[in-house]
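What follows is each chain in one-letter form.
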Amino acid sequence: QSLPQQKLLTWLSVLECVEVFAEMGTARVWGEMGRWTIIVLIQLAKAILRLLLLLWYKAGIQTSPPIVPLNREQQQPLHSQDMEDNCSGKDQTYVGRRSSRVVRSLQSTPSLQSRHWGSPQQREKSQSQRAEEMNQPPTPLGLQETIAESIYITRPLLHLLSLGVWGQRSWKPWLLSAVLDISSLSLLSDLKDLNRRERAELRRRTILLLYYLLRSPFYDRYSEGRILLLLRLLADYVPGVGFVTRPLMDYLPAWQKIYFYNWG
């Protein structure tokens, strides 16, 4: 990735990290008008950054979060002692004569902070596989797939526009958003040879379709009573589950009021 592309990904990640805080803080200071203003500005900025990545830098299917969090334990390099042993030709493992079990030799045991339970060969193989997965280029998108990704990127803006036209109680914004999400996934379903991150992203988007059961006005008219009844039954009749379901019942109304939790 080029330096400008990395900067765009960084700014996009920052926006996704602070969007909920910005919405709640603005609503507290400037009220509903300020809240919807900051929502529109953040969604507009995110859409512009994502479209630049898609159309200018050919970033392909974009994941969420844009920058994959670093797993420091998995990315930890081989111990310096292991490298020295490799260079000096020392045997890092010992094979039992009768059991044929492979164990690490005492001479190549690393420090406690760098110790792991797999053999050196297994660790080197897993690290090389992870490096290959991280360095895989994005799958090139054709015209149909580019349109599908553009639909997914611009869906929040179209949803906000429809809210402004028809109001928050209308079914039209809900239906429009659902049609755009399903259309984008349908157009991307024909794409083959996706890498691991892109397949995981498409699975995540498919699972997020369940959010439509929790979004207004569907939630207000159909889902709310059934979900609260189910949580109440679990809390009353399943031992131990109430520690989770009762706070969840109290949290759902607040969750419903925050746009970036619900639609972002």
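Everything below is about the structure shown above.
Now for a look at the structure at hand. Every value quoted in this text rests on a predicted model; they were computed, and no experiment measured them. (Residues numbered from 1 in each chain as written. Predicted model: local features only at pLDDT ≥ 70, side-chain atom pairs only at ≥ 80, totals over all residues. Heavy atoms only, no water.)

**Comments concerning the overall build of the protein chain**
In terms of regular secondary structure, the protein chain is built from 10 helices and 2 strands. Listed N to C, the secondary structure of the protein chain is α-α-α-β-β-α-α-α-α-α-α-α in terms of helices and strands. A total of 264 residues make up the protein chain; the buried ones form 36% of that total. Long-range contacts, defined as pairs at least 24 residues apart, comprise 70% of the intrachain contacts of the protein chain with a sequence gap of at least 6. Per element, the accessible surface of the protein chain, about 17300 Å² overall, is 62% carbon and sulfur. (Helix = DSSP H or I, 4+ residues; strand = E, 2+ residues; numbered from the N terminus. Buried < 20%, exposed > 50% of the residue type's maximum accessible area, 1.4 Å probe, protein only. Contact = heavy atoms within 4.5 Å. Areas by Shrake-Rupley, 256 points an atom, 1.4 Å probe, with all protein chains shown as cover.)

**Brief notes about the packing of aromatic side chains**
Scanning all chains against the criterion turns up 10 aromatic pairs. Summarising the aromatic geometry, the rings of Trp36 and Tyr259 are spaced 5.6 Å apart at their centres and angled 70 degrees between planes, so their arrangement reads as edge-to-face. Highlighted residues: Trp36 in helix H1 (residues 3-56) and Tyr259 in helix H10 (residues 259-262), separated in sequence by 223 residues. Their ring planes at 85 degrees and their centres at 5.7 Å tell us that Trp174 and Tyr212 sit as a pair that is edge-to-face. Of this pair, Trp174 sits in helix H6 (residues 172-188) while Tyr212 is found in the loop between helix H7 (196-207) and helix H8 (218-237), placing the two residues 38 residues apart along the sequence. Exposure class is identical for Trp174 and Tyr212. Each is buried. Put simply, the rings of Trp171, Trp174, Tyr212, Phe218, Tyr222 and Trp263 touch in pairs and so form one group of aromatic residues. When the ring centre of Trp36 is taken as origin, the NZ or CZ atom of Arg35, which lies over that ring, is 4.9 Å away. Lying over the aromatic face of Trp263, Arg215 brings its terminal NZ or CZ to 4.5 Å of the ring centre. (Phe/Tyr/Trp six-rings, centres within 6.5 Å; stacked < 30°, edge-to-face > 60°. Lys NZ or Arg CZ within 6 Å of the ring centre and 35° of its normal.)

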